[in-house]
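# Working through the structure, step by step
So the chains spell out like this:
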Amino acid sequence: MKYRHSFHAGNFADVHKHVALLALLRALKKKDKGFLYLDTHAGRGSYDLSGGSAEAAAGVGRCLQARHAALIGEFRAAMGAQLYPGSPLIAAWELRAQDRAVLIELQGAEAHALEGALAALAAQQRRKPDERVERGDGFARLRAFLPPPERRGLTFLDPPYEETRQDFTQLTAAMADAARRFPTGVLALWYPIKDERTIRPWHAECLRALHEATALQLPVLTSELWLYPRDSRVALNGSGLLIVNPPWLTLERMQAWLPELQASLAVGAGGGSSVQMLSESPR
């Protein structure tokens, strides 16, 4: 596998996905009852940006002073100014004693690095979190953990997209299976925006797959941020999140902060953002 999360760490897509992930985690924490955070493609946990990545400079480097990046600033102050936290460390930073994390990573070296990063964070925070690193195929392994005994949870699916068409197909199937096993859980799927013509048909495919798997009309929200025209030939034009069962007021809150985030990351004309519901629950 050629992909490494570190190649794009801290770019604008990372900032979008991680701010959204933080918002979802904090929404779930509004209830005292614990929940499971399940990350299917966790990566190594934290990334060293001291090499001066241009993507990171144009991403997290542009918004460190924004209120959305407060957690990143706190993390770097505690763990090292050169480090950028990935999704599992953002979750570990946020989870409470009653919450639990299962973090799945296929690559042995990445999984080992993740264990080290989690241990360092736990030592810094002087706590013993309920976190488990699993080595394996995230799409396949999620079946072992859903539904969770907590009956509350957030499953985060962020595959490497090495083979974009195949990854979208696997992602749709995994999402539908997760919803069938745990129809009340929150699912968040990150996806790249490279070709506008493929995105809307995929959204429709996701809605069909969810309905076929659950016989329910689950609420589905999309959050998209793009810096370049959505059909241009730039390698990555934008970043998207498809969220099944978004927590209460997620739509309204994203509609407030996402345009601000997009403005802080903008590189010129052609960018924008969108938050909308693809479907509404009949309940």
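An account of the accompanying structure is given in this report. (Residues numbered from 1 in each chain as written. Predicted model: local features only at pLDDT ≥ 70, side-chain atom pairs only at ≥ 80, totals over all residues. Heavy atoms only, no water.)

## Side note on the pattern of salt bridges
Applying the stated rule across the entire model yields 17 salt bridges. Among the ionic pairs, Glu94 bridges to Lys29, the shortest N-O distance being 3.0 Å. One end of the pair, Glu94, is in helix α5 (residues 87-94); the other, Lys29, is in the loop between α1 (12-28) and β1 (36-39), with 65 residues separating them in the sequence. Residue Glu94 is classed as buried on the basis of its relative accessible area of 7%. (Salt bridge = Lys/Arg side-chain N within 4 Å of Asp/Glu carboxyl O. Helix = DSSP H or I, 4+ residues; strand = E, 2+ residues; numbered from the N terminus. Buried < 20%, exposed > 50% of the residue type's maximum accessible area, 1.4 Å probe, protein only.)

## Let's talk about the pairing of strand β9 (residues 238-244)
Within β9, seven of the seven residues are buried, which leaves the element mostly enclosed by the surrounding structure. Going residue by residue along β9, you find Gly238, Gly240, Leu242 and Val244 tucked away on one face and Ser239, Leu241 and Ile243 tucked away on the opposite face as well. With seven bridges joining them, strand β7 (residues 186-193) and β9 adopt antiparallel strand pairing. Bridge pairing in β9 places Trp190 opposite Leu241. Sheet analysis places strand β8 (residues 220-226) next to β9, joined by seven bridges and oriented antiparallel. Each residue of the ladder has a partner; that of Leu225, found in β9, is Ser239. (Pairing = 2+ DSSP bridges.)

## Topic: the packing of aromatic side chains
Given two aromatic rings, their pairing is described by the distance between the two centres and the angle made by the two planes. This model, assessed by the stated rule, comprises four aromatic pairs. With centroids separated by 5.3 Å and ring planes inclined at 55 degrees, the aromatic side chains of Tyr161 and Phe168 adopt a geometry described as tilted. For the pair Tyr161 and Phe168, one class covers both residues: buried. Residues Phe168 and Trp202 carry aromatic rings whose centres are separated by 4.8 Å and whose planes lie at 70 degrees to one another, so their mutual orientation is edge-to-face. One end of the pair, Phe168, is in helix α8 (residues 164-181); the other, Trp202, is in helix α9 (residues 196-214), and 34 residues separate them in sequence. Every member of this aromatic cluster is reached through a ring pair, and the members are Tyr161, Phe168, Trp190, Tyr191 and Trp202. Above the plane of the ring of Trp190 lies Lys17, whose end atom (NZ or CZ) is 4.2 Å from the centre. (Phe/Tyr/Trp six-rings, centres within 6.5 Å; stacked < 30°, edge-to-face > 60°. Lys NZ or Arg CZ within 6 Å of the ring centre and 35° of its normal.)

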